[in-house]
Amino acid sequence: MSRPQKRTYRIASIPGDGIGVEVIEQTVKVLRTMEDLFGSFTLDIDMLDWSSDRYLEKGEYIPADAWPKLRASDAILFGAVGSPDVPDDISLWDLILPLRKKLNQYINLRPIRILPGVSSPLRSCTSSDLDWMIVRENSEGEYAGQGGTTHDDTAQTIATEVAIFTRLGIERTMRFAFDIARDRPRKKLTMVTKSNAQRHGMVLWDKIFYEVAKEYPDVETDKMLVDAMTVRMVLKPQTLDTIVATNLHGDILSDLAAALAGSIGVAASSNLDPTRQNPSMFEPIHGSAPDIAGQGIANPIGTFWSAAEMLRWLGEEGAADLLMKAMETVTASGTKTRDVGGTCNLAQVTEAVIAELEQ
Ligand code: GGG
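Residues numbered from 1 in each chain as written. Predicted model: local features only at pLDDT ≥ 70, side-chain atom pairs only at ≥ 80, totals over all residues.

1. Points about the site of the ligand
Turning to step 1, where the next piece is worked out: Around the ligand, the neighbouring residues are Ala80, Val81, Gly82, Leu92, Asp251, Glu283, Pro284, Ile285, His286, Gly287 and Ser288.
Turning to step 2, where the next piece is worked out: Considered class by class, the residues forming the shell around the ligand number five nonpolar, four polar and two charged. (Near = placed C-beta within 6 Å. Nonpolar A, V, L, I, M, F, W, Y, C, P; charged D, E, K, R; others polar.)

2. Regarding the sheet that holds strand β1 (residues 7-16)
Turning to step 1, where the next piece is worked out: Across the sheet, which stays open at both edges, the 10 strands sit in the order β2-β1-β3-β12-β11-β4-β5-β10-β8-β9 with mixed pairing between neighbours. The sheet is open, and its two edges are formed by β2 (41-47) and β9 (220-225), each paired on a single side. Across the sheet, the mean angle from the axis of one strand to that of its neighbour is 20 degrees, orientation sign disregarded.
Turning to step 2, where the next piece is worked out: Sheet topology note: the β1/β2 ladder contains seven bridges and is parallel. Residue pairing across strands places Arg10 opposite Asp44, the latter belonging to β2. (Pairing = 2+ DSSP bridges. Helix = DSSP H or I, 4+ residues; strand = E, 2+ residues; numbered from the N terminus. Axes fitted to C-alpha atoms, helices over the stretch in contact; angles between N-to-C directions.)

3. As for the confidence of the model for the protein
Turning to step 1, where the next piece is worked out: The pLDDT averaged across the protein works out to 97; a share of 99% of its residues lies at or above 70.
Turning to step 2, where the next piece is worked out: Predicted as a complex, the structure gets a pTM of 0.96 and an ipTM equal to 0.91. (pLDDT = per-residue confidence, 0-100.)

4. Let's talk about the domain arrangement of the protein
One widely used convention gives an interface's size as the accessible area the parts lose upon coming together.
Turning to step 1, where the next piece is worked out: Taken as a whole, the protein is organised into domain 1 (1-105 + 274-359) and domain 2 (120-261).
Turning to step 2, where the next piece is worked out: Just the C-alpha atoms count here: the centres of domain 1 and domain 2 sit 25 Å apart.
Turning to step 3, where the next piece is worked out: Facing seven residues of domain 1, the contacting portion of domain 2 comprises eight residues. (Domains from an automatic or database assignment. Contact = placed C-beta atoms within 7 Å.)

5. A word on helix α10 (residues 317-332)
Turning to step 1, where the next piece is worked out: Here α10 spans 22 Å end to end across 16 residues, near enough to the 22 Å set by a 1.5 Å rise per residue.
Turning to step 2, where the next piece is worked out: Within the sequence span of α10, burial applies to Ala319, Ala320, Leu323, Ala326, Met327, Val330 and Thr331. Looking straight down α10, one finds its buried side chains confined to an arc of 130 degrees; they lie on one side.
Turning to step 3, where the next piece is worked out: The elements touched by buried residues of α10 are α1 (19-38), α9 (301-313) and α11 (346-358).
Turning to step 4, where the next piece is worked out: Where α10 terminates, the next one or two residues include Gly334, which has phi positive at roughly 95 degrees. (Expected span 1.5 Å × (residues − 1). Buried ≥ 20, exposed ≤ 12 C-beta atoms within 10 Å, placed from the backbone. Arc of directions from axis to C-beta.)

6. With respect to the environment of Thr242
Turning to step 1, where the next piece is worked out: Among the secondary structure elements, Thr242 is positioned in strand β10 (residues 242-245).
Turning to step 2, where the next piece is worked out: Considered as a pair, Thr242 and Ala293 are 51 residues apart in the sequence and their alpha carbons are 33 Å apart.
Turning to step 3, where the next piece is worked out: In this structure, Thr242 is in contact with Met133, Val135, Ala177, Ile180, Ala181, Arg184, Lys188 and Leu189, ignoring residues within four places of it in sequence.

7. Thoughts on the nonpolar core
Across soluble globular proteins, nonpolar side chains have a tendency to be buried as a group.
Turning to step 1, where the next piece is worked out: The biggest cluster of nonpolar side chains holds 97 residues, and the ones touching the most others in it are Ala307 and Leu323.
Turning to step 2, where the next piece is worked out: The greatest single-element share of this core, amounting to seven residues, is contributed by α9.
Turning to step 3, where the next piece is worked out: Taken domain by domain, the makeup of this core includes at least three residues from each of domain 1 (1-105 + 274-359) and domain 2 (120-261).
Turning to step 4, where the next piece is worked out: In this view, Ala307 contacts Thr27, Val30, Leu31, Leu77, Phe282 and Leu323; residues no more than four positions away in its chain are not counted. (Core = buried A, V, L, I, M, F, W, Y, C linked by C-beta atoms within 7 Å.)

8. Focus on the UniProt feature "domain: Isopropylmalate dehydrogenase-like" (unreviewed entry) in the protein
Turning to step 1, where the next piece is worked out: The positions UniProt marks with the feature "domain: Isopropylmalate dehydrogenase-like" (unreviewed entry) are residues 10-353.
Turning to step 2, where the next piece is worked out: Structurally, residues 10-353 is divided into 40% helix and 22% strand, and its ends, taken at the C-alpha atoms, are 24 Å apart. (UniProt positions renumbered as here; feature names shortened; annotations may be inferred.)

9. Looking at the pairing of strand β11 (residues 268-272)
Turning to step 1, where the next piece is worked out: Most of β11 is tucked away, with five of its five residues classed as buried.
Turning to step 2, where the next piece is worked out: Taking every second residue as pointing to the same face, both faces of β11 are buried, with Ala268, Ser270 and Leu272 on one and Ser269 and Asn271 on the other.
Turning to step 3, where the next piece is worked out: In the sheet, strand β4 (residues 107-113) pairs with β11 via three bridges, with the strands oriented antiparallel. Counted as the bridge partner of Asn108 is Asn271 from β11.

10. A short note on the packing of α10 against α11
Turning to step 1, where the next piece is worked out: Contact pair α10 / α11: the axes reach a minimum separation of 9 Å and the direction vectors enclose 125 degrees. On the basis of their axis angle, the class for α10 and α11 is oblique. Crossing handedness for the pair α10 and α11: right-handed. Counted together, Leu322, Ala326, Met327, Thr329 and Val330 of α10 and Val349, Ala352, Val353, Glu356 and Leu357 of α11 form the full contact between these two elements.
Turning to step 2, where the next piece is worked out: Its residues assigned to classes, the contact of α10 with α11 shows eight nonpolar, one polar and one charged. (Parallel < 35°, antiparallel > 145°, perpendicular 65-115°, else oblique. Left-handed = near helix turned anticlockwise from the far one by under 90°.)

As structure tokens, then:
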């Protein structure tokens, strides 16, 4: 009898800057362990040095001829971007945003929950009170890059930031969010806008939300203004489940959500092309954290979780579940970095996860 063929996944890994480099290094070790344990798949990992250092040396993050090979990969594992030596808008617009846009990754999925052994800063908030899935639109809004300045360097300088919202972009995000909500036990979707103040794009979001909701009568819905949503997340976390928001609101709300779940260091995200015509990209939601970079104390859990989501997206459900279980056993045992109240460093948490996987 012939043995089932070993699958090979081509992974492009972009550690980026600061702690991104450190957490990706550890995540690759964990992935190598998964490969050995399972024996049914191989990860062909191409490490790409697309960092701010490269930008400072060569004037570009992404080499112009890199796209065909990148498009041919099965997934991208990303660390973090941002350097004190490069303006933040350049690092974002020259690295992470072209990846999301050119690879049609129009959904950013951010699961947020309190991991075992991790405490929420909210008094008496338990893991059953805070278990959210944030669906962030990932291609439009204020991230469309429209606008400009005039009368630069004068007292009359004018800057415009034009948010773009399209029916296509909103509708596909809503459908994705409703599908996610429908598959979760509570079947509940909260949509966030600022449609009292922003009368065009946000009102279109509201309108399309109600239209699409008609196709999902089994999903309970409600709508929040983003300012009131921040209060509800803090005071009534148990009333929320799946959340859908614009690019900018989703980014801000998910940082708050991660902090409420214990630390931004434990939160994962998936930049998805749901059509699967391009590779999707998996990254922790945290940035490059220059203040702690190089000290070996960053929390790798958000990146491990992102790698688990990558394995799931690739169809390796068993490996994804095993990695999540190992991670949660380790956090529950108290092997944690400082941001979540522990005393361990990055390498110690990694070693503990690997030891747990190898049990
Ligand atoms: N690992 C994610 C990362 O480096 N994020 C930097 C950042 O500022 N991202 C903004 C965004 O996701 O829109």
